[in-house]
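# Report on the structure
Spelled out, the chains give:
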Amino acid sequence: MVEAPEGHSGAGFFATSFEKVIGLARANSLWPLPFATSCCGIEFMATMGSTYDISRFGSERPSFSPRQADILLVMGTIAKKMGPVVKQVYEQMAEPRWVVAVGACATSGGIFDSYSVLQGIDRVVPVDVYVPGCPPRPEQILDGLMRVQDLAKNESLRRRHSPEYQALLASYNIK
């Protein structure tokens, strides 16, 4: 059961801020878009299964359309040729959107320090949560999802329109 946000209650009523209600709704209905290229994707599949049950966190519907997804989960080795594809998928997602880099390869290139491997997806899109491991355990992926829930719950409705956020997107050449 989800705890009610801060507010005032009495006989037959509960009052809180609109921002808290929207944050609570966003945090408990996140739809992930899995962008899996290697072994971290297998761990994500285990996270979707009945043993770990990602649906307990409101993310039981993986969206394979960027226009309907809230979280971009990038898992596995991303070649430099795939960098523009990851960026295009990110740009097609509607605001608010979050990015989770799952595994050592997505966060830093992993053991593949070569000319063809992108040394972290934060070179093409802004990353909100990093999940370490090679490959990370399903518990770690769930922990990353809970960190995104915390971000969604506590984010101001106006943050995405702030000059700082616009400057961040501009630094990645994202409109």
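For every chain, the first residue of the written sequence is number 1, and numbering continues from 1 onward in sequence order. Per-residue local features are limited, in this predicted model, to residues with pLDDT of at least 70; the limit for side-chain atom pairs, both in listing and counting, is 80 or more; totals at the level of whole chains, interfaces and linings are taken over all residues. Heavy atoms from the whole structure form the basis of all side-chain values; hydrogens and water molecules are not counted.

As named in an unreviewed UniProt entry, the protein is NADH-quinone oxidoreductase subunit B, taken from Pontibacter lucknowensis. UniProt positions are given in the numbering used here, feature names are shortened, and annotations may be inferred rather than shown by experiment. Database annotation for the protein, UniProt heading Sequence similarities (unreviewed entry): "Belongs to the complex I 20 kDa subunit family."

### Regarding the state of the cysteines
Note that a disulfide, as used here, is simply two cysteine sulfur atoms within 2.5 Å. If you walk through the whole model with that rule in mind, you get zero disulfides. Take C105: it sits in no disulfide, and the sulfur closest to it among the cysteines is that of C134, at 5.6 Å. Accessibility here uses a 1.4 Å probe with only protein chains present; expressed as a share of the type maximum, an area under 20% marks a residue as buried, one over 50% as exposed, and anything in between as partly exposed. With a relative accessible area of 10%, C105 lands in the buried category. Residue class for C134 comes out exposed when judged on its relative accessible area of 59%.

### Thoughts on the pattern of salt bridges
Any Lys or Arg side-chain nitrogen located within 4 Å of an Asp or Glu carboxyl oxygen qualifies as a salt bridge. Per the stated rule, a full pass over the model turns up seven salt bridges. Across the salt bridge formed by E139 and R137, the nearest N and O atoms sit 3.4 Å from each other. Looking at R137, the relative accessible area reads 42%, which means it is partly exposed. One salt bridge in this structure joins E155 and R159, with 3.1 Å as the shortest N-O distance. For E155, a relative accessible area of 6% translates into the label buried. You can call R159 partly exposed: its relative accessible area is 32%.

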